[in-house]
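# What the coordinates show
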Amino acid sequence: MDGSGSWDAIDWNQIEDPRPRRPGQAVKESMDDFLLEDEEVIAQGHGVILLNNREAGTLSVTNFRLLFVSQAKKCVIDLGTIPLTTIEKLNDDVKLQPLPHLSDKSRPRELLQVIGKDMRIIVFAFVPKTKQKNEVFDALRRYTKPANLWDLYAFSCDPSTIKNDSEPKWRLLREYFRLFRKSLPQSRGAGEVSLSNDWWRLTRVNSSYSLCSTYPSELIVPRSISDEDLFQASTFRSGKRLPVISWCDPGSGAVLARSSQPMVGLMMNFRNNADEKLVCALSSRTTDDKGSPRKLYIIDARPRANALANGAKGGGSESSSNYARSEVLFLGIQNIHTMRDSLSRLRDYVDAHGSISSNGSPSAVSVVGDRRNRGSTWGGGNLNSMTSFSSTLGEWLNHIQNILVGASWIAAQIAEEAASVLVHCSDGWDRTTQLVALACLLLDPYYRTFSGFQALVEKDWLAFGHPFAERMGVPTVTEIGGSQYELLRQPSLGNLSSSPSRNVLGASGPSSHVSVQSQTSNNSSPILLQWLDCISQLLRLYPSAFQFSSKFLVDFMDSVLSCRFGNFLCNSEREREQSGATSSCRCMWSYLADLRASGGIFHEHYNPFYDPVKHNGALLPPAAALAPTLWPQFYLRWTCPIESQGGDLESQWHAMNKKYAEAMKAKDIAEWRAKDIKMKMESVKQDLQRERRSSSTAVATAQSAQRENAAIKKAIESIGCTIKFSTSENQEDRTEVLSCSLRRGTDARGQDENGDFSVSISAIEDGLVSEAPGDHFCESLCPFRTREGCRWPDAPCAQLGSQFVGLKANFDAFDRLSIQDCYFGPE
């Protein structure tokens, strides 16, 4: 494909054709190098093009994810690899609208569009006239909508391999003891532990979830409230989610409580004495000498109009006249459907105007030709698109700002005024959780650490029943008839008609598969994402107040969306306990901890600027500072990968640290090689010295032998002999023979003067010479012979080590020689 976005530029011949298949047999390329543990390939497509970056490769549907492996690089392409539960919508009838200047030729239409909950829109192009697209699409349609909870990949692992440090209930209990500034007994069971002080107490009235099925088994309530009062108060709140304490300050006595809306009825005139008693008990008296009453703020996260509209269903909001020393405020945060639609519009715009878009062009406007924006263009983009961008981005950031302002205001009243705050929305598990958890993060520096972040999430998101299964569109368990449990499939994320129409890749033609996840209702919403977005804004304002980084928040969100772990399955603590998700699935916290351990203190999850001493108290940002910006690390990572990290100091630090680590690694390797070379040089040097010593010894021996040979030669030549040395090969006698060929003239006896004869001198090897003195004798020519005879081995010749020792000479041959003067030179 060329830069203009034309399909004519794709050369399908350059892509390997699918391997031949036998009937009824699915072709699954060996993917062992790329699969996770217990991951299996279900369907595959070969020669598939990821249109976003024009990469060709193999597309596999596994029991966990949609896996795209590059054909050229032989590696996993992150952009084209997405967990099945992270997929929000599928569209198999994508049409590319041609630009006016392009020829209207027939183009391949084997396209599959995948829209993710993580701001990702990807399009795959399949080889025309094959069944690969249908096989992949059918597998996705089945496995992105599992029939029951246990079909998820999280349950595919062997439960015997699960290593849990502690149960979630025990960790929640440990957090409660920390809030009370007490140590949790290690030798006692959770059911026997008691906790209380002058103001509050820990109750196990909900141990069997009979009080509230979506609340944890242990609750912190005012000490003056009995368990019977709790049962009566629960009947006045939606879903029986009565007011309970989420965070408390043992120093001032202020608390942060949460609940659902009161069931005041259509006329807003219903009351409940137990509920009023419980709410008033939250505002205990202050610790000053006068014991003045504490102010109580009741925060309704909804717009006032929405609260009034809930009166038709029996809900509504409190009246300050019914609760002593109280004040009711509305924050105006919109509901889950508004948030979902707002994120969908932001995702469409980011994809359309990113450097990597879902149709393979740097700017979707220049390829698709957006009919809604026909203004002048500059640099491939549309100038009028800025208006759309401002409204789209401003809408989403306005939601983020409302949550930030509300949580900051709550934290300020507790920290500065020592007031107690009760927060609720309609059901008390979406906007309520966002506000309470964010306010806790601002109030308590412990929650700004890794261990504290885990405790906060497990307390306010998991234990207090945020409906993750509904918000992510995955199956869960629910109670039917009081005791019978069965599996229910929650509405999947993907009613295309309920969200803004998508025209990024052109209009969708009529097809029965356009909306494969359409449902009558859609309860999905990016509630957790908004909360993490607010934390990223605080990271920008207070870069040294958090132990974790923005990259940690991104990986945390991806782990939740993937449903790879059991921590965030189901809708409540009770459902997770009933399904066995905690004991049968791997733990996400252990996974993230292992990631950090693999990189040490320089891992990208760590905030390099963290200073716990500087920010050891509450964070209370002023209103002027609460102007959020787009979170680039999450929203722009797929469409603008360079820009998403470019302006972030934290990312720059990690990049520099990565280069430093690589340089240090190269330095260590170089030092190791230098040390190894040095050791080898020392070894060679020692070997050379040994060889030099051996050579010196050999040279000395050779010189000594040469001198002795020269002496022998001179002695024999002095009698006119021509010397020729030869070595006998006879291994038995092992003697060295010295043969001498002599030429003499005519002597007085009349012999032939031309006659030649040879004289041989045999040298017996030392080993063949007997050590007995009687076996050695010296001839009369021996210069060391005495009258006493041969004194071997004490004779001087033996002490000299001469080579003459052991020689046997044929002296009769010398007697027959006629020595003439011509044998000798002038000397």
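Above this text is the structure in question.
So, here's what we can say about the structure. This structure is a prediction, so every number in the text was calculated from the model and none was measured. (Residues numbered from 1 in each chain as written. Predicted model: local features only at pLDDT ≥ 70, side-chain atom pairs only at ≥ 80, totals over all residues. Heavy atoms only, no water.)

### So, the pairing of strand E10 (residues 244-248)
With five of five residues buried, E10 lies mostly within the body of the structure. In the sheet, E10 pairs with strand E11 (residues 255-258) via four bridges, with the strands oriented antiparallel. Of the residues in E11, the one forming a bridge with Trp247 is Leu256. The hairpin formed by E10 and E11 contains six residues between the paired strands, and Gly253 there has a positive phi angle of roughly 85°. (Buried < 20%, exposed > 50% of the residue type's maximum accessible area, 1.4 Å probe, protein only. Helix = DSSP H or I, 4+ residues; strand = E, 2+ residues; numbered from the N terminus. Pairing = 2+ DSSP bridges.)

### Thoughts on the sheet that holds strand E7 (residues 121-125)
A sheet is described by the order of its strands in space; here seven strands give the open sequence E4-E3-E2-E1-E7-E6-E5, paired in antiparallel fashion. Unpaired on one side and paired on the other, strand E4 (82-83) and strand E5 (87-91) mark the two borders of the sheet. Relative to strand E6 (residues 111-116), E5 is paired through four bridges, and the arrangement is antiparallel. Note on E6: the bridge partner recorded for Leu90 is Val114. Sheet strands touched by helix H1 (residues 132-143): strand E1 (41-50), strand E2 (55-62), strand E3 (65-70), E5 and E6. Its angle to E1, the strand with the most contacts, is close to 130°. (Contact = heavy atoms within 4.5 Å. Axes fitted to C-alpha atoms, helices over the stretch in contact; angles between N-to-C directions.)

### Remarks on helix H12 (residues 527-541)
A rise of 1.5 Å per residue sets the reference length of H12, with its 15 residues, at 21 Å; its end C-alpha atoms lie 22 Å apart and thus fit the reference within 8%. Within H12, 13 of the 15 residues are buried, which leaves it mostly tucked inside the rest of the structure. (Expected span 1.5 Å × (residues − 1).)

### Brief notes about the pattern of salt bridges
Should the charged atoms of two oppositely charged side chains come close, the side chains can pair. As enumerated under the stated definition, the model contains 31 salt bridges in all. Note that Arg347 is salt-bridged to Glu88, the shortest N-O span being 2.7 Å. Remark: Glu88 occurs in strand E5 and Arg347 occurs in helix H6 (residues 336-352); sequence separation between them is 259 residues. As far as the burial class goes, Arg347 and Glu88 line up, both buried. A salt bridge links Lys277 to Asp229, with the shortest nitrogen-to-oxygen separation between them at 3.2 Å. One end of the pair, Lys277, is in helix H4 (residues 273-282); the other, Asp229, is in helix H3 (residues 227-234), with 48 residues separating them in the sequence. (Salt bridge = Lys/Arg side-chain N within 4 Å of Asp/Glu carboxyl O.)

### A few points about helix H10 (residues 450-463)
Here H10 spans 18 Å end to end across 14 residues, near enough to the 20 Å set by a 1.5 Å rise per residue. Taken across its 14 residues, H10 has twelve buried, putting it largely inside the fold. Among the residues of H10, those classed as buried are Phe450, Gly452, Phe453, Ala455, Leu456, Val457, Glu458, Lys459, Asp460, Trp461, Leu462 and Ala463. Phi turns positive one or two residues past the end of H10, at Gly465, with a value near 70°.

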